[in-house]
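# A closer look at the structure
Each chain is listed here by its residues.
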Amino acid sequence: MQRGRIFLFAAALLVLLCAFEAHGLTLAQLRARLATDEVRGPRDAGYNDLRTGYNQRYSRLPAVIVSPRNVTGVQLAIEYARTNNLTVSVRSGAHSAELLGVLDEAVVIDFSVNMKSISIDVAQKIATVEPGMRWGDFYTATVPLGLGAPGGSCAAAGVGGSSLGGGANDLATVLGYSLDNVLAFQVVLANGSVVEASDDSHPDLFWALRGAGHGGLGVVTSITLQLSPIEPTFYSAWITYAW
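Basis of the calculations
- Residues numbered from 1 in each chain as written.
- Predicted model: local features only at pLDDT ≥ 70, side-chain atom pairs only at ≥ 80, totals over all residues.
- Heavy atoms only, no water.
- Phe/Tyr/Trp six-rings, centres within 6.5 Å; stacked < 30°, edge-to-face > 60°.
- Buried < 20%, exposed > 50% of the residue type's maximum accessible area, 1.4 Å probe, protein only.
- Lys NZ or Arg CZ within 6 Å of the ring centre and 35° of its normal.
- pLDDT = per-residue confidence, 0-100.
- Contact = heavy atoms within 4.5 Å.
- Pairing = 2+ DSSP bridges.
- Helix = DSSP H or I, 4+ residues; strand = E, 2+ residues; numbered from the N terminus.
- Axes fitted to C-alpha atoms, helices over the stretch in contact; angles between N-to-C directions.
- Core = buried A, V, L, I, M, F, W, Y, C linked by side-chain atoms within 4.5 Å.

According to the stated counting rule, one finds four aromatic pairs in the structure shown. Look at Phe138 and Tyr139: their rings are 5.3 Å apart centre to centre, the planes differ by 80 degrees, and that puts the pair in the edge-to-face class. Exposure remark for Tyr139: the relative accessible area of 19% places this residue in the buried category. Aromatic ring contacts, followed pair by pair, group Trp135, Phe138 and Tyr139 into a single cluster. For Arg210, the ring lying beneath its charged end belongs to Phe206, and the centroid distance is 3.8 Å.

Structure (structure tokens):
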């Protein structure tokens, strides 16, 4: 009789757990677990500013915009999207001409607000960068140290997008694309787990991210870049023609 009661209790608990998982993380729960300015819905202040870009031809209406401060915030955004059957789109520096980082009815993970810091190891010539940092800010931090890496040709382009899809400016003629100088990515996968992708860890993912990183392989939360010495003065010229 006692065993039967224990079995029934365990079965009831399992049903409750399955029901909770099926219901998923609610928007109210997501808001409760993040700071006020990290979650914006259509009725929240700042939503309209974040859902648009510099190219005003595009105007999309995401379900919610999450501006995480750390990896935990990214994990919660992915959990909310997964358990509510919503698409995820990712925005790094907010420089996409086609507004590809913002999709209709999606959970937008926007790094351009809170995750844009850089840490530099001068001795090792390595920079660890959050994806929301823009290249102009990157060079402001590295050039005074006599170091740099190939980046976007526009200062407003994000390090995240460039490092996953190419990234070429005048330094690329000598040092290759931005993605050629990536040593490692920190990535949050669809199941919420966090991995490091490099030559030594998850090498297939590392290979795929460098060039196809915009294709839904995971959400990159930091990029480790190889820095190279650069000359104190860098000369560049443009030749233009009047047609």
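Okay, the confidence of the model for the protein chain next. When pLDDT is averaged along the protein chain, the result is 87; 87% of the residues meet or exceed 70. Confidence over residues 1–21 falls short of pLDDT 50; this stretch has two contacts with residues more than four positions distant or in other chains.

This part takes up the sheet that holds strand β1 (residues 39–40). Read from one edge to the other, the open sheet built from four strands follows the order β1-β2-β4-β3, with strand pairing classed as mixed. Because the sheet does not close on itself, it has two edges, and the strands there are β1 and β3 (87–91). Where strand β2 (residues 64–66) and strand β4 (residues 106–110) come together, three bridges link them in parallel fashion. Bridging across to β4, Ile65 finds its partner in Val108. Against the sheet, helix α4 (residues 71–83) contacts β2, β3 and β4, and its axis sits at roughly 170 degrees relative to β4.

Here we take up the nonpolar core. One finds Phe138, Val159, Phe185, Val187, Leu209 and Leu225 to be the most contacted residues of the largest nonpolar core, which totals 24 residues. At the level of elements, β6 (126–129), α5 (135–142), α6 (159–165), β8 (182–188), β9 (194–198), α8 (203–212) and β10 (219–226) are the ones that each hand at least two residues to this core. Discounting residues that sit within four places of it in the chain, Val187 has contacts with Ser193, Val194, Val195, Ala197, Leu205, Leu209, Gly218, Val219, Val220 and Thr221. Val66, Leu76, Val107 and Val219 belong to the second-largest nonpolar core, a separate cluster that totals 19 residues.

The next point concerns unusual backbone geometry. Trans is the common state for peptide bonds, and a negative phi is the common state for residues other than glycine. Phi is positive for Glu105, close to 55 degrees, though the residue is something other than glycine. Tracing the backbone through its elements, the reader meets Glu105 in the loop between β3 and β4. For Glu105, a relative accessible area of 55% translates into the label exposed. A positive phi is found at His202, a non-glycine position, where the angle reads about 50 degrees.

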